[in-house]
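Each chain, written out:
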Amino acid sequence: MKKIEAIIKPFKLDDVKDALNEAGIHGMTVTEVKGFGRQKGHTELYRGAEYVVEFLPKIKIEAIVSDEDVEKVIETILKTARTGNIGDGKIFVYDIKDVIRIRTGERGKEAI
Amino acid sequence: MEKMKRMVSVLLLMFMLLPVSVVLSEEPKAPAPAGQEAVAPAAAPAPAPAAPAWDAKFAADTVWVLVTAFLVFFMNLGFAMVESGLCRSKNAVNILSKNVIVFCVTVVFFWLVGFAIMFGNGSPYFGATGWMLAGADNSPATGDAYKGIFASLNWTGVPLYAKFIFQLVFAGTAATIVSGAVAERIKYFSFFVFSAAMAVIIYPIAGHWIWGGGWLATLKTPFLDFAGSTVVHSIGGWAALTGAILLGPRIGKYTADGKVNAIPGHNMGMATLGMFVLWFGWFGFNPGSTMAADPDAISRIAINTCIAGAVGGVAATFVAYMSLGKPDLSMALNGILAGLVAITASCNWVTPGASFIIGLVGGVLVVYAVLFFDKIKVDDPVGALSVHLVNGVWGTLCVGLFAADIGGVKGLFYGGGTAQLISQIIGIVSVGVFVVVVSLISWLVIKAIMGLRVEKDEERQGLDIGEHGMEAYPDFVGASSKRT
């Protein structure tokens, strides 16, 4: 089992979620986050003084998937979250030791 | 500290309750003579055969004065929204609280003493009759028929209470101007006490000179300020200036090498709402200052007010766009208010064409004034000085420049020579000196007794928690994503 963690542009969330649902991924956790990569921040103007917004708003999607689904999920996110501009985000893949469904106590793949 | 706090609040409360004992011990008085009888001049040739039950003009005037007073009252909301919107969310409760309490404090103290000092009969420098509105008064009699203690208001034929509430809401406006310039760093109760000083001394004395029959009103060419560019806006502005200077800038506003750090406001929607409420209120502020439902005058004043505000907004937007790079919304809001402040003194005596120019200059002035105050490191989070002080002065000068022989007032550009302009300058300077000196003394006394500025840690954390123990937005809910 793997955890796919994707940082994407906020306005892409609905597209990515729908595409993942169609690809058979039925659970995810979404967090509003802020950060910067190579995109860095940008400057804004207020009453004649410039200020730098260093951390840009992003969305973090976390989904736990079985090993055979990993490539499919990565492909789906790449396809739907990409704009081709700087700041599109990143995808991280982690190994997952175990998954437990709290309601039933199921473990492993059954619990995904 | 806790004990000190409690003592201060008990003292404040006792001071506020003082008049109650006086009121309760007063002899019940006969009600003031009502409407019709008092209006009838002594020299009426013959009794009218069938006098109407009420005089239509008297009723219309009274309703007009009251409705416009309510509009001006509504401007308190405008100030609250503009100021809280242009400050950070961690100080929102504090700013809203100041805007709430400043009007309440003004009502109490302006009723107790302020109105008597401003409009009571007395010396050219201050009035001294009519404490708590008590004393002889035969309003709505006007002119020589008026035999009472508020002779300076004998030109308007409405009941005394209507005169009072109209002047009261103006006093509240002057006091609330201060709150924006000292925002995000002043102690709540220090501001509370200063509001009382505004309503007791600063506003009524300077106001007496101009509207209370004082020395500026009786110059050879009387100083003129129709609706209060000086009386309300400059007085508020000068008091705000001394407060902002004494307090010093907010932490982080200016860097050691002199750079200006932007501290963006937290809600431009609120600021915009507040601007429109103020603009709406101005249709009471200026046209209501006729204190009579005079069809020509109130229509002329309404359109002059509207044009100056609108042109101020356009001018500030373009000046911001050209000199700062972006059409900054906060500057557009300030520009509209600047135009409105600028037209206030002359709104009854100028043409719509002159209003256009007055508003245009106001909108340009306000943007450069904001940059100027930042340059000299006077931190004014909402632009109150640029709007009310700078344009209060500009608007007062405009009477001497643009008055178009309406109501016998002639400015420099309309063949009136420099007489009016010189009177205007005398008024601007004398009021400025008086308000700066007295407000400085008031601030310093408050500073010595209770302190002016909150502790550094409290300022960093926000005054909402430090001063009030609550947050404006405790339930943070993030924005949802939008499908594109």
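Residues numbered from 1 in each chain as written. Chains lettered and ligands numbered in written order. Predicted model: local features only at pLDDT ≥ 70, side-chain atom pairs only at ≥ 80, totals over all residues. Heavy atoms only, no water.

Visitor: I'm lost on the overall build of chain B in this one. Help?
Guide: Secondary structure assignment for chain B yields 15 helices and two strands. Counting all 484 residues of chain B, 55% fall into the buried class. At a minimum sequence separation of 6, the contacts of chain B that also span at least 24 residues come to 76%. Accessible area of chain B: about 20000 Å², with a carbon and sulfur share of 72%. (Helix = DSSP H or I, 4+ residues; strand = E, 2+ residues; numbered from the N terminus. Buried < 20%, exposed > 50% of the residue type's maximum accessible area, 1.4 Å probe, protein only. Contact = heavy atoms within 4.5 Å. Areas by Shrake-Rupley, 256 points an atom, 1.4 Å probe, with all protein chains shown as cover.)

Visitor: Please explain the packing of aromatic side chains as it appears in this structure.
Guide: For any pair of aromatic rings, geometry is given as the distance between the ring centres together with the angle between the planes. All names here are of chain B. Under the defined criterion, the tally for this structure stands at 23 aromatic pairs over all chains. Ring plane angle 55 degrees and centroid distance 4.9 Å describe the contact between Phe115 and Phe150, whose orientation is recorded as tilted. Residue Phe115 is located in helix H4 (residues 92-119), and its partner Phe150 is located in the loop between H4 and helix H5 (160-181); the two are separated by 35 residues in the primary sequence. Judged by centre distance (5.3 Å) and plane angle (75 degrees), the rings of Phe402 and Phe413 are edge-to-face. Residue Phe402 is located in helix H12 (residues 384-402), and its partner Phe413 is located in the loop between strand E2 (409-410) and helix H13 (419-450); the two are separated by eleven residues in the primary sequence. Looking at Phe402, the relative accessible area reads 6%, which means it is buried. Members of the aromatic cluster, each reached through a chain of ring pairs, are Phe110, Phe115, Phe119, Phe150, Phe164 and Tyr203. (Phe/Tyr/Trp six-rings, centres within 6.5 Å; stacked < 30°, edge-to-face > 60°.)

Visitor: So what exactly am I meant to see when it comes to H5 of chain B here?
Guide: Residues three or four positions apart in an α-helix share a direction because the helix packs 3.6 residues into each turn. Spanning 22 residues, H5 of chain B covers 34 Å between terminal C-alpha atoms, matching the ideal 32 Å at 1.5 Å per step. In terms of residue burial, H5 of chain B counts as a mostly covered element, since 20 of its 22 residues are buried. (Expected span 1.5 Å × (residues − 1).)

Visitor: Help me out: how do you make sense of the sheet that holds strand E6 (residues 90-95) of chain A in this one?
Guide: Paired through their backbone hydrogen bonds, the strands of a sheet run either parallel or antiparallel. Residues and elements named next belong to chain A. Across the sheet, four strands lie side by side as E2-E5-E1-E6; this open sheet has antiparallel pairing. Every other strand in the sheet has two partners, leaving strand E2 (29-35) and E6 as the edge strands with one partner each. Taking the axes of each pair of neighbouring strands and ignoring which way they run, one obtains an average angle of 25 degrees across the sheet. Judged from the six bridges that link them, strand E1 (residues 2-8) and E6 form a sheet pairing that is antiparallel. Bridging across to E6, Lys3 finds its partner in Tyr94. Contacts between helix H1 (residues 13-22) and the sheet are confined to E1, E2 and strand E5 (56-65), with E5 contributing the most and set at about 10 degrees to the helix. Those strands touched by helix H2 (residues 70-81) are E1, E5 and E6, and its axis lies near 5 degrees from that of E1. (Pairing = 2+ DSSP bridges. Axes fitted to C-alpha atoms, helices over the stretch in contact; angles between N-to-C directions.)

Visitor: Hey, could you run me through unusual backbone geometry in this one?
Guide: Trans is the common state for peptide bonds, and a negative phi is the common state for residues other than glycine. All names here are of chain B. Note the cis peptide between Ser139 and Pro140, where omega equals 10 degrees. As for its placement among the helices and strands, Pro140 is situated in the loop between H4 and H5. Even without being a glycine, Met132 presents a positive backbone phi close to 55 degrees. The phi torsion at Asp405 lies on the positive side, around 55 degrees, for a residue other than glycine.

Visitor: Any chance you could explain the packing of helix H3 (residues 56-85) of chain B against helix H8 (residues 268-285) of chain B here in plain terms?
Guide: All names here are of chain B. One can describe the packing of H3 onto H8 by two numbers: an axis separation of 7 Å at closest approach and a directional angle of 160 degrees. By the criterion of interaxial angle, the relationship of H3 to H8 is roughly antiparallel. Like other packed secondary-structure pairs, H3 and H8 cross with a definite hand, here left-handed. In terms of residue class, the contact of H3 with H8 is made up of 18 nonpolar, seven polar and no charged. (Parallel < 35°, antiparallel > 145°, perpendicular 65-115°, else oblique. Left-handed = near helix turned anticlockwise from the far one by under 90°. Nonpolar A, V, L, I, M, F, W, Y, C, P; charged D, E, K, R; others polar.)

Visitor: What's the story with the packing of helix H10 (residues 329-344) of chain B against helix H11 (residues 352-375) of chain B in this structure? I'm lost.
Guide: Geometrically, a packed helix pair is captured by the angle between its two axes and the distance between the axes. Residue and element names in this part refer to chain B. In the contact formed by H10 and H11, the axes pass within 8 Å of each other and the chain directions differ by 130 degrees. Considered as vectors, H10 and H11 are oriented oblique to each other. For the pair H10 and H11, the crossing hand works out as right-handed. The residues of H11 that touch H10, namely those facing Met331, Asn334, Gly335, Ala338, Gly339, Ala342 and Ile343, are Ser355, Ile358, Gly359, Gly362, Gly363, Val366, Val367 and Val370.

Visitor: Would you mind showing me how to read the environment of Cys347 of chain B here?
Guide: All names here are of chain B. By secondary structure assignment, the location of Cys347 is in the loop between H10 and H11. Each C-alpha atom of the pair Cys347 and Gly400 lies 12 Å from the other, and the pair is 53 residues apart in sequence. Setting aside anything within four residues of it in sequence, one finds Cys347 in contact with Phe226, Ala227, Asn286, Ile301, Asn304 and Thr305.

Visitor: Looking at this structure, how should I read the side chain of Glu62 of chain A?
Guide: One can find Glu62 of chain A in strand E5. Among all residues touching Glu62 of chain A, those that are not within four sequence positions of it are Lys3, Ile4, Glu5, Met28, Thr29 and Thr31 of chain A.

Visitor: Teacher, can you tell me more about empty space enclosed by the protein here?
Guide: Space left empty within the atom packing is revealed by a probe, the size of a water molecule, rolled over the atoms. Across all of its chains, the model carries two cavities of 30 Å³ or more by this definition. Estimated volume of the largest cavity: approximately 160 Å³. Taken together, 17 residues line the largest cavity, and the ones lying closest to its centre are Arg47 of chain A together with Lys253, Val370, Asp374 and Asp380 of chain B. The element contributing the most residues to the lining of the largest cavity is H11 of chain B, with three residues. (1 Å grid on protein atoms, 1.4 Å probe; cavity = no way out; pocket = protein on both sides within 12 Å on 5 of 7 lines; lining within 4 Å. Points joined across faces, edges and corners; volume = space filled by probe spheres on them.)

Visitor: Where do I start with the interface of chain B and chain A in this structure?
Guide: Interfaces are often sized by the accessible area lost when the parts come together. Listed as interface residues are 25 residues of chain B and, on the opposing side, 14 residues of chain A. Interface area, chain B with chain A, both sides summed: about 1500 Å², of which 49% is carbon and sulfur. In this assembly, chain B and chain A are joined by zero salt bridges. The interface formed by chain B and chain A includes four residue pairs in polar contact (both at pLDDT 80 or more). Elements that contribute at least two residues to the side of chain B that touches chain A include exactly H10 and H11 of chain B. A per-class count over the side of chain B that touches chain A returns twelve nonpolar, eight polar and five charged. (Buried area = accessible area lost by both parts, 1.4 Å probe. Salt bridge = Lys/Arg side-chain N within 4 Å of Asp/Glu carboxyl O. Polar contact = N/O pair within 3.5 Å; in protein donor to acceptor, adjacent residues only side chain to side chain.)

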